[in-house]
Amino acid sequence: MAGHRGVLFIVSSPSGGGKTTLIKAAMAELAGRGIKSHFSVSHTTRTARPSETDGVDYHFASRESFENMVAAGEFLEWAEYAGNLYGTARAEVEGRLSMGTDVFLDIEVQGANQVKTLVPEVVKVFIYPPSYDVLKHRLTQRGQDATEAIRQRLQWASREFGVAGEFDYAIINDRLDDAVKVLTGICLAEHHRSKRMKPRLDGIREGFQQHLEEDYSQ
Ligand code: ADP
Ligand code: 5GP
C-alpha cells in the first residue's frame, strides 16, 4: 500500500519464554489478514543448536567477522548475552519497513533499549513465563541447551524481569493459544492506530466526498 510503513515489533523474554513460538504463530494469523511480516534473522557468535540452520534461525558468525560488522556500522543494535554476541543487521529491517512489511525482532533487553532510542515508534512486547518451574521445564524439554547454558539463561531471566516494566505490553505465556491471541491482538491494535490508518481513511473520505458531490450536485 503506497505510503504505508511497516510496524517494527520487539518481542523480548528470557530464553525459552516462547518468543519464537509466539512470533511465528502471530505472523501466520497476520498473514491471514493480509498483513505481511518478516521475522528478522540475527547474527550471533554462539554455536548452533542441533536443530538450528545457518541463515534460517541465525546467521552464525565468528567473533572476528561479527566485530568487523560492528566496526562497519552494519548493526541496528547488538549486545552481549551469556558470553556471546548477538546483533540485528540493518539490512534485516530498514528496507522491509519502508516497503510496508512489519518486522519482528526477537532480541534481549539491552538491544531493545538501543532500538527504542533509534526508532522511538517501535512497539515493545515482553513475554513472561508463568513461573520459574515452567520456564525451567520448557528450556529442558526443548532439549537444545546444555545444563550450564540452561543455568545461565535462568539467571539472566531474573535480570531481564527488572526492566520488563519499561515495555509497552506484557504477555504471560501460559496457555499457548491464549498468548498467541493476545500477541496477534496487540499487532492488530497497532495497525489500527489512527495515524497508521490515515492513508486508508483519507481514501474513504475522499471517495465519500466525491460521491456526495456527484449525488447532490445540480
Ligand atoms: P524462545 O524463542 O523465547 O527461546 P521458544 O519459542 O523456543 O522460546 O519456546 C521454548 C520451548 O517452550 C519450546 O519447546 C516451545 O515449544 C515451548 N513453549 C512455548 N510456549 C509454550 C506454551 N505456552 N506452552 C507449552 N510450551 C510452550
Ligand atoms: P538464544 O541463544 O537462546 O537463541 O538467545 C539468547 C538471547 O539473545 C535471547 O534473549 C534472544 O532474544 C537474544 N537475541 C537473539 N538475537 C538477538 C539480537 O540480534 N540482538 C540482541 N540484542 N539479542 C538477541
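Description of the structure in this document.

What counts, and at which threshold
- Residues numbered from 1 in each chain as written.
- Chains lettered and ligands numbered in written order.
- Predicted model: local features only at pLDDT ≥ 70, side-chain atom pairs only at ≥ 80, totals over all residues.
- Heavy atoms only, no water.
- Helix = DSSP H or I, 4+ residues; strand = E, 2+ residues; numbered from the N terminus.
- Buried < 20%, exposed > 50% of the residue type's maximum accessible area, 1.4 Å probe, protein only.
- Contact = heavy atoms within 4.5 Å.
- Areas by Shrake-Rupley, 256 points an atom, 1.4 Å probe, with all protein chains shown as cover.
- Lys, Arg positive; Asp, Glu negative; His and termini not counted.
- Charge placed at Lys NZ, Arg CZ, Asp CG, Glu CD.
- Near = heavy atom within 4 Å.
- Polar contact = N/O pair within 3.5 Å; in protein donor to acceptor, adjacent residues only side chain to side chain.
- Pairing = 2+ DSSP bridges.

So, the overall build of the protein
A count of helices and strands for the protein gives 8 helices and 9 strands. Structurally, the protein occupies a C-alpha span of about 80 × 40 × 30 Å along its principal axes. Counting over 218 residues, the protein shows a buried share of 44%. Sequence-distant contacts in the protein: of pairs separated by 6 or more residues, those separated by 24 or more amount to 67%. Working note: accessible area of the protein is about 12000 Å², and carbon and sulfur atoms make up 53% of it. Put simply, the protein has 26 plus and 30 minus side-chain charges, and the middle of one group is 3 Å from the middle of the other.

Focus: the site of ligand 1
Lining the immediate environment of ligand 1, one finds 15 residues, of which Gly-16, Thr-20, Thr-21, Arg-142 and Asn-173 sit closest. Contact distances for ligand 1 include 3.0 Å between an oxygen atom and a backbone N or O atom of Gly-18. With respect to ligand 1, the backbone of Leu-176 contributes an N or O atom lying 3.4 Å from a nitrogen atom. A total of 560 Å² of accessible area belongs to ligand 1 in isolation, and the protein chains cover 77% of it. Put simply, the parts of the chain that give the shell around ligand 1 at least two residues each are α1 (19-32) and α5 (132-142).

Notes on the site of ligand 2
Residues in contact with ligand 2 amount to 18 residues; listed here are only the nearest, Ser-42, Arg-46, Tyr-58, Tyr-86 and Asp-106. Here Arg-46 contributes a side-chain N or O atom positioned 2.6 Å from an oxygen atom of ligand 2. Here Arg-49 contributes a side-chain N or O atom positioned 2.7 Å from an oxygen atom of ligand 2. Contact with the protein chains removes 97% of the 520 Å² of surface that ligand 2 exposes when unbound. Of all the elements in the fold, those that place two or more residues in the shell around ligand 2 are β5 (75-81) and β6 (84-89).

A look at the sheet that holds β6
Pairing between the strands of a sheet is mediated by backbone hydrogen bonds and can be parallel or antiparallel. The 4 strands are arranged β4-β3-β6-β5 in an open sheet whose pairing can be described as mixed. Looking at which strands have only one partner, the edges of the open sheet turn out to be β4 (59-60) and β5. The pairing of strand β3 (residues 43-44) with β4 spans 2 bridges and is classified as parallel. When the bridges of β4 are listed, Thr-44 appears paired with Phe-60.

What about the pairing of β5?
Of all 7 residues making up β5, 5 are buried, and the element is well covered by its neighbours. In terms of strand pairing, β5 meets β6 through 6 bridges, oriented antiparallel. Directly across from Phe-75, in β6, lies its bridge partner Ala-89.

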